[in-house]
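These are the residues of each chain, in order.
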Amino acid sequence: MLQGLILDPATKQAALELSERTLAKYSNVRGHYSNTKSSHLVGHLGEFAAFIWLRDNGFEPVPRFLDPDDKECDIHTRIGRIEVKTWRDRFWDDLGRCVSVTQYPSIKRKADFIFWNSIADPDAETPQVTFRGWCKVSQFDKAKEVIHTTGFPQREIRNLQLPQSKLLPVEKLHTL
């Protein structure tokens, strides 16, 4: 059974303001994925949701994602460093669980785990984030033979992708 979290309007506003700051900072940088207001908002909503869940479950999270100049993990916790990846629900089956081939070395350097989320409507006043699971970053070392090219011909992205079956439910973080 997947868990989720409905974000309140204040958290949505904080994510919106942060997305405007990060979009302004990276608007002229060719990123690993689309560099749009919507993609920044989706990412930050997922980070806030993951932070709240980790806080409420005793993991003592430090929200490094709040500082756009911080190039380390998104959230530091007592169990390790976490990268948060969030996709719109409609893209989850095809693109969820993906890490860009060019981004993987950076993620491997800065994080121990990836917390995977999806979101139905990031523009809602109280968006709902679904926690799809988590994995160890090192699992992608074994996924290198599973490279998918996604996107449009003018912006193709090579991704490593884990099958859904390889993700563990967020409740299993307590076993670490």
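Scroll up to find the structure this text is about.
Keep in mind that this is a model prediction, so the values were computed, not measured.

### Thoughts on unusual backbone geometry
Phi at Glu60 takes a positive value of approximately 50°, unusual for a residue other than glycine. The residue Glu60 is located in the loop between α2 (37-56) and β2 (62-63) in this model. Overall, the relative accessible area of 57% leaves Glu60 in the exposed class. Notably, Arg97 is not glycine yet its phi reads approximately 70°, a positive angle. Take Arg97: it is sitting in the loop between α3 (89-95) and β5 (98-100).

### What to know about the pattern of salt bridges
Where side chains of opposite charge bring their charged atoms close, a pairing between them can arise. Scanning all chains against the criterion turns up eight salt bridges. Between Arg132 and Asp89 there is a salt bridge, with its nearest N and O atoms 3.9 Å apart. Here Arg132 is found in strand β7 (residues 128-136), whereas its partner Asp89 is found in helix α3, with 43 residues between them in sequence. Put simply, Glu83, Lys85 and Lys110 are held in one network by salt bridges that share partners.

### Focus: the sheet that holds strand β6 (residues 113-119)
Ordered by their spatial adjacency, six strands build an open sheet running β1-β7-β6-β4-β3-β2, and the pairing between neighbours is mixed. The open sheet has two edge strands, β1 (3-6) and β2, and neither has a second partner. Here α2 sits on the sheet and contacts β1, β2, β3 (75-77), β4 (80-88), β6 and β7; the angle it forms with β4, its principal contact strand, is near 135°.

### Some words on the nonpolar core
The biggest cluster of nonpolar side chains holds 27 residues, and the ones touching the most others in it are Trp53, Leu54, Ile75, Ile82, Phe115, Phe131 and Leu173. Contributing elements (two or more residues each) for this core: α1 (9-26), α2, β4, β6 and β7. Broken down by element, the residue count for this core peaks at 10 residues, all from α2. When sequence neighbours within four positions are dropped, the list of residues in contact with Trp53 reads Gln3, Phe59, Phe115, Phe131, Val170, Glu171, Leu173 and His174.

### A closer look at the environment of Asn117
Inspection of the secondary structure assignment puts Asn117 in strand β6. Taking the C-alpha atoms as reference, Asn117 lies 8.9 Å from Glu47; in sequence the two are 70 residues apart. Apart from the residues within four sequence positions on either side, Asn117 is in contact with Gly46, Ala50, Val84, Lys85, Thr86, Trp87, Trp92, Val129, Thr130, Phe131 and Arg132. A distance of 3.1 Å separates a polar atom in the side chain of Asn117 from the backbone oxygen of Gly46.

### Considerations on the packing of aromatic side chains
Enumeration according to the criterion identifies nine aromatic pairs in this entry. Ring geometry for Phe113 against Trp134: centres 5.5 Å apart, planes inclined by 80°, an arrangement best described as edge-to-face. Note that Phe113 is positioned in strand β6 and Trp134 in strand β7, a separation of 21 residues in sequence. When sorted by exposure, Phe113 lands in the same class as Trp134, which is buried. Arranged with centres 6.3 Å apart and planes meeting at 45°, the rings of Trp116 and Phe140 form a pair that is tilted. Highlighted residues: Trp116 in strand β6 and Phe140 in the loop between β7 and β8 (147-152), separated in sequence by 24 residues. Phe140 matches Trp116 in its accessibility class, with the two residues each being buried.

The rules behind the values
- Residues numbered from 1 in each chain as written.
- Predicted model: local features only at pLDDT ≥ 70, side-chain atom pairs only at ≥ 80, totals over all residues.
- Heavy atoms only, no water.
- Helix = DSSP H or I, 4+ residues; strand = E, 2+ residues; numbered from the N terminus.
- Buried < 20%, exposed > 50% of the residue type's maximum accessible area, 1.4 Å probe, protein only.
- Salt bridge = Lys/Arg side-chain N within 4 Å of Asp/Glu carboxyl O.
- Pairing = 2+ DSSP bridges.
- Contact = heavy atoms within 4.5 Å.
- Axes fitted to C-alpha atoms, helices over the stretch in contact; angles between N-to-C directions.
- Core = buried A, V, L, I, M, F, W, Y, C linked by side-chain atoms within 4.5 Å.
- Polar contact = N/O pair within 3.5 Å; in protein donor to acceptor, adjacent residues only side chain to side chain.
- Phe/Tyr/Trp six-rings, centres within 6.5 Å; stacked < 30°, edge-to-face > 60°.

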